[in-house]
Amino acid sequence: NQLSGPIPSALGSLINLVFLILANNQLSGPIPSALGSLTRLYSLDLSSNQLTGSIPLELGSLTNLHYLYLDNNQLTGSIPTELGSLTNLQDLNLDYNQLSGPIPTELGSLTNLQYLDLAYNQLSGPIPTELGSLTNLYYLYLDNNQLSGPIPSTLGSLTRLYWLDLASNQLTGSIPTELGSLTYLSYLYLYNNQLT
């Protein structure tokens, strides 16, 4: 649609809500922390708007959430460690924002995750070795950030991985031989780094 203006905090009163899909509008302003009250939410999609500010810590209370899409906005700040509490999550998409800081090690707790997209942000620091615990993962996009350090050998544990994109970062060191265990891998992008 062509909805504009802020997301009303009053939506936090709809405590029986299971799906909240506001994607592909012109919504602006911050994500209301009141959405953290919607503890029955199965899917939250706020993608492709003009939302600003940080990701509310309160979203970590949405423990029934299976799908979280906040991509294609103008969100800033760090990825909250509280998202590591969303252990039912299958899809987490935060790409095309202006998020900064490290990738939280707590994301390694999201063992049901099948799709993780953090691309096209300003994330820095190392790729957490804990991501090697995400053994149900099919897609991992970390490209076009400012990630540094080596590629963790633990990514070789992601034996269901179909797509791995670490391109356009500042990664160093050699390509881990453990990636040779990824026998389902069809797409591997490592270009535009400082690998040796």
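All figures in this text were calculated on a predicted structure; none of them were measured in a lab. (Residues numbered from 1 in each chain as written. Predicted model: local features only at pLDDT ≥ 70, side-chain atom pairs only at ≥ 80, totals over all residues. Heavy atoms only, no water.)

Before going further, it helps to spend a moment on the overall build of the protein. If you tally the helices and strands in the protein, you get zero helices and 17 strands. Relative to the globule expectation of 16 Å for 196 residues, the C-alpha radius of gyration of the protein, 17 Å, shows essentially globular dimensions. In terms of principal-axis extent, the alpha carbons of the protein reach across some 50 × 25 × 25 Å. Within the protein, buried positions represent 48% of all 196 residues. Nonlocal contacts in the protein, meaning residues at least 24 apart in sequence, comprise 46% of its contacts between residues at least 6 apart. About 8,600 Å² of surface is accessible on the protein, with carbon and sulfur atoms providing 48% of the total. (Helix = DSSP H or I, 4+ residues; strand = E, 2+ residues; numbered from the N terminus. Rg over C-alpha atoms; globule rule 2.2 N^0.38 Å. Buried < 20%, exposed > 50% of the residue type's maximum accessible area, 1.4 Å probe, protein only. Contact = heavy atoms within 4.5 Å. Areas by Shrake-Rupley, 256 points an atom, 1.4 Å probe, with all protein chains shown as cover.)

The strand order across the open sheet built from nine strands is 1-3-5-7-9-11-13-15-17, with neighbouring strands paired in parallel fashion. The sheet is open, and its two borders are formed by strand 1 (4–5) and strand 17 (194–195), each paired with just one other strand. Where strand 3 (residues 26–29) meets strand 5 (residues 50–53), two bridges bridge the pair, whose relative direction is parallel. In the strand pairing of strand 5, Gly29 is matched with Leu51. (Pairing = 2+ DSSP bridges.)

Glancing now at a nonpolar patch on the surface. Residues Val18, Phe19 and Ile21 make up a contiguous nonpolar surface patch of about 280 Å² in total accessible area. You can see Ile21 is positioned in strand 2 (residues 19–21). (Patch = residues over 30% accessible without salt bridge, like charges linked within 9 Å, V, L, I, M, F, W, Y side chains within 5 Å. Salt bridge = Lys/Arg side-chain N within 4 Å of Asp/Glu carboxyl O.)

The next subject is the side chain of Asn73. Among the structural elements, Asn73 can be located in the loop between strand 6 (67–69) and strand 7 (74–77). Engagement of the side chain of Asn73 in a polar contact is seen with the backbone nitrogen of Leu51, the distance being 3.0 Å. There is a polar contact of 3.2 Å between the side chain of Asn73 and the backbone oxygen of Asp71. Not counting chain neighbours up to four residues away, the residues in contact with Asn73 comprise Leu46, Ser47, Ser48, Asn49, Gln50, Leu51, Tyr96 and Asn97. (Polar contact = N/O pair within 3.5 Å; in protein donor to acceptor, adjacent residues only side chain to side chain.)

The next subject is the pairing of strand 11 (residues 122–125). Only one face of strand 11 is buried, namely the one carrying Leu123 and Gly125, since none of Gln122 and Ser124 on the opposite face is buried. Summarising the sheet, strand 9 (residues 98–101) and strand 11 pair through two bridges and their orientation is parallel. Each bridged residue has a counterpart across the sheet, and for Ser100 the counterpart in strand 11 is Gln122. Relative to strand 13 (residues 146–149), strand 11 runs parallel, the two sharing two bridges. Residue pairing in the sheet places Ser124 in a bridge with Gln146 of strand 13.

Right, let's get into a negative patch on the surface. On the surface, a cluster of negative charge is contributed by Glu58, Glu82, Glu106 and Glu130. Relative to the helices and strands, Glu130 resides in the loop between strand 11 and strand 12 (139–141). (Lys, Arg positive; Asp, Glu negative; His and termini not counted. Charge placed at Lys NZ, Arg CZ, Asp CG, Glu CD.)

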